[in-house]
Amino acid sequence: MTSSEASTQRIPPFVSLGSARAFVAPVIAHEYSGNHTAAVAKTTGMASVSRETSVVSSGNVLDSIDDSSPIARELAHENKRRERLLGRELPKPEKTRIFTVSNQKGGVGKTTTTVNIAAALAAAGLNVLVIDIDPQGNASTALGIEHHADVDSIYDVLINDIPLQDVVAPCPDIDNLICAPATIHLAGAEIELVSLVAREQRLRRAIDVYAKERAKNGEERLDYIFIDCPPSLGLLTVNAFCAANEVLIPIQCEYYALEGLSQLLKNIEMIQKHLNADLVVSTILLTMYDGRTNLAAQVAAEVREHFPEQVLGAVVPRSVRISEAPSYQQTVMTYDPSSSGALSYLEAAAEIAER
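Residues numbered from 1 in each chain as written. Predicted model: local features only at pLDDT ≥ 70, side-chain atom pairs only at ≥ 80, totals over all residues. Heavy atoms only, no water.

## Details of the overall build of the protein
We count it as follows: Only DSSP runs of H or I with at least four residues qualify as helices, and only runs of E with at least two residues qualify as strands; both kinds are numbered from the N terminus onward. In what follows, residue pairs with any heavy atoms lying within 4.5 Å of each other are defined as contacts. Shrake-Rupley sampling with a 1.4 Å probe provides the accessible areas, and residues are treated as covered by the protein chains on show and by no other component.
Counting secondary structure elements, the protein contains 15 helices and 10 strands. Sequence-distant contacts, at least 24 apart, represent 78% of the contacts inside the protein between residues at least 6 apart. In the structure as shown, the protein presents an accessible area of about 16,500 Å², 50% of it carried by carbon and sulfur atoms.

This is the structure in C-alpha cells:
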C-alpha cells in the first residue's frame, strides 16, 4: 500500500468504524477443498456461482454467512463488536487523566498502545496529549511529528526549562491530538538530570505550567495525557511516574512478560512510597495475543486471575496492520481502521474512558 492509498483510509474510528454493513461489500462464498474450508469474497454481479455460494440481493451480508467456517465466524464476531462501537460517545473525565505507559520489558507494545489509544480517544472528540520520553522517538514517528535533532523536544523541556507549549505539535491525521516529540538528545538526558534540582519532578511541573497556560489562553482542558516511557527504570521513567496519577501496563502474552511485571510492580511501589503517593496501577492491557496458542491463553488467564479489576476486557491480537502503520507515520486507526487491531484498540479506549 502506498502512502496515498493509506491516506484515503483516514476515517474517524468512532464515526465510521462500527457498522458491519459499512465495509463488508462482497458476498461470502465457501469453497471446499478436501477437509479445509476457505472463505472467498465474490462480487454480487457474477453470473454463475457454485452450489455452496449464498447469493444475497440486499446489503445485509452477515445474515448470509455460514458460520460453519472459522473465518466466517471470526468475521461475524468482529462485525458485532464494530456495531457495538458505532456512534458511541465517550464521556469526558472530570479532570485530566495522566497515564504513564510503562513496562521494563521491551517489545511489549508500549508505544503502539500509547499512540493508538490516544488516537482512538482523540477521534471520539476528546483532547489528548502524547508525551514521548523514549529516546527512540517511535511515538513521535507514529503520530507523524518531526523529531530530528534540530527540533525542540521534551529534552529541552526537562533540561533547558523550555515551556511545554513551545514543544507540542498537532498530529496531522487526527484532530484534538497533540504530541511533545522526543529526539536523540534524550539518550543523554539520564546523566544530565542527575545534577539538576528536583530532577524527579521536572516533567510534572512542566505539565502543570502547560495546563495553566491553556486555561489562561482560553483553550479547552486536556482530557488525557499519555506518557510513552523507555523500557527501563531510569530518571526519565521516574519523571513519568511522578507526573502521572495512573499507570497503564501493556503485557505481551508470553512467559517473560510475567517475570517483568512482578519487578515493575515492586518499582511502582517504591515510587508510591517516596515520590508519588497518588500513583495507581489502573489499567493492564494484554497485547500480541495469539489465540492459536495455549501459552497466550494461559498467560492471559493468569494475569486476569491476579489483576481482575485492572485487566481490560479488550485484547490486542498480533496484527500485521499494527506493525505496518508506523512505516507510513500513522497509527493503525488511520492506516487501516477496519483491521482487527484498530477494533481492539477502539474497544480498549472505550473501556478506559468509561472506567
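Still more to cover.
## Some details on unusual backbone geometry
In this model, Asn-176 sits at a positive phi of 70°, which is unusual for a non-glycine residue. With respect to the secondary-structure elements, Asn-176 resides in the loop between strand S5 (169-170) and strand S6 (177-180). The backbone phi angle of Met-288 is positive, close to 50°, even though this residue is not glycine. Examined against the element boundaries, Met-288 turns out to sit in strand S9 (residues 280-289).

## Notes on the packing of helix H4 (residues 70-85) against helix H15 (residues 340-354)
Keep this limit in mind: Axis definition: a line fitted to C-alpha atoms, over the contacting stretch in the case of helices. Angles run 0 to 180 degrees between N-to-C directions. Any angle between 65 and 115 degrees counts as roughly perpendicular, while under 35 counts as roughly parallel, over 145 as roughly antiparallel, and the rest as oblique. In a left-handed crossing the near helix is turned counterclockwise from the far helix by less than a right angle, and in a right-handed crossing that turn is clockwise. Under the convention adopted here, Pro, Cys and the residues Ala, Val, Leu, Ile, Met, Phe, Trp and Tyr are nonpolar, Asp, Glu, Lys and Arg are charged, and Gly plus all remaining residues are polar.
Interhelical geometry of H4 versus H15 gives an angle of 40° and a closest axis separation of 11 Å. One way to sum up the angle between H4 and H15 is to call them oblique. Both H4 and H15 take part in a crossing whose hand is left-handed. Across the interface between the two elements, Glu-78, Arg-81, Arg-82 and Leu-85 from H4 touch Ser-340, Leu-343, Ser-344, Leu-346, Glu-347 and Ala-350 from H15. In the contact of H4 with H15, the residues fall into 4 nonpolar, 2 polar and 4 charged.

## Thoughts on the pairing of S6
Looking along a regular strand, one sees side chains alternate from face to face of the sheet. Note the threshold: Only protein chains enter the calculation, and the probe is 1.4 Å; a residue is then buried if its accessible area is under 20% of its type maximum, exposed if over 50%, and partly exposed in between. Paired strands, in this sense, are two strands between which DSSP finds at least two bridges.
The side-chain alternation of S6 yields two buried faces, one formed by Leu-177 and Cys-179 and the other by Ile-178 and Ala-180. Relative to S6, strand S4 (residues 128-132) runs parallel, the two being bridged by 4 bridges. What sits directly across from Leu-129, in S6, is Ile-178. Relative to S6, S5 runs antiparallel, the two being bridged by 2 bridges. Pairing of Ala-169 across the sheet is with Cys-179, part of S6.

## Things to note about H4
Under the convention used in this document: A helix is expected to span 1.5 Å multiplied by its residue count minus one.
The end-to-end C-alpha separation of H4 is 23 Å, in line with the 22 Å expected for 16 residues at 1.5 Å each. The complete set of buried residues in H4 reads Ala-72, Ala-76, Glu-78, Asn-79, Arg-81, Arg-82 and Leu-85.

## Remarks on a nonpolar patch on the surface
Quick note on the threshold: Surface patches are drawn from residues lacking salt bridges whose relative accessible area is over 30%; two like charges belong together within 9 Å, two nonpolar side chains (Val, Leu, Ile, Met, Phe, Trp, Tyr) within 5 Å. One speaks of a salt bridge when a side-chain nitrogen belonging to Lys or Arg is within 4 Å of a carboxyl oxygen belonging to Asp or Glu.
Together, Tyr-255, Tyr-256 and Leu-295 make up a nonpolar patch on the protein surface, roughly 370 Å² of accessible area in all. The residue Tyr-256 is located in helix H11 (residues 255-274) in this model.

## Here we look at the state of the cysteines
Disulfides are covalent bonds that connect the sulfur atoms of two cysteines. Which entries qualify depends on this criterion: Two cysteine sulfurs form a disulfide in these notes if their separation is within 2.5 Å.
Going through the model one piece at a time under the given rule, you end up with 0 disulfides. The structure places no disulfide on Cys-179, whose sulfur is separated from the nearest cysteine sulfur, that of Cys-171, by 8.3 Å.

## Re the confidence of the model for the protein
Heads up, the condition is: Values of pLDDT, the confidence the predictor places in each residue, fall between 0 and 100.
On average, residues of the protein carry a pLDDT of 82, and 81% of them reach 70 or more. Here residues 2-13 is modelled with pLDDT under 50, and outside its nearest four sequence neighbours on either side it reaches 23 contacts, counting other chains as well. This model gives residues 15-59 a pLDDT under 50, and the stretch forms 71 contacts once residues within four places in sequence are excluded.

## Some thoughts on the packing of aromatic side chains
Rules: Two rings from Phe, Tyr or Trp (for Trp, the six-membered ring) form a pair when their centres sit within 6.5 Å of each other. Planes less than 30 degrees apart are called stacked, planes more than 60 degrees apart edge-to-face, and all others tilted.
In total, this model carries 5 aromatic pairs according to the counting rule given. Between Phe-99 and Phe-226, the ring centres sit 5.2 Å apart and the planes meet at 15°, which makes this aromatic pair stacked. Of the two residues, Phe-99 sits in strand S3 (residues 97-101) while Phe-226 sits in strand S7 (residues 224-228), which places them 127 residues apart along the sequence. In terms of burial, Phe-99 and Phe-226 fall into one category: buried. When the ring of Tyr-328 is compared with that of Tyr-335, the centres are 5.0 Å apart and the planes differ by 20°; the resulting orientation is stacked. Taken together, the ring pairs connect Phe-99, Tyr-224 and Phe-226 into an aromatic cluster.

## Let's talk about the sheet that holds S9
The strand order S5-S6-S4-S7-S3-S8-S9-S10 describes an open sheet built from 8 strands, whose pairing is mixed. Lying at the two open borders of the sheet, with one neighbouring strand each, are S5 and strand S10 (311-317). Direction of pairing for strand S8 (residues 246-252) relative to S9: parallel, over a ladder of 7 bridges. In the strand pairing of S9, Val-247 is matched with Val-281. Packing of helix H12 (residues 294-306) onto the sheet brings it into contact with S8, S9 and S10, and relative to S9 it is tilted by some 170°.

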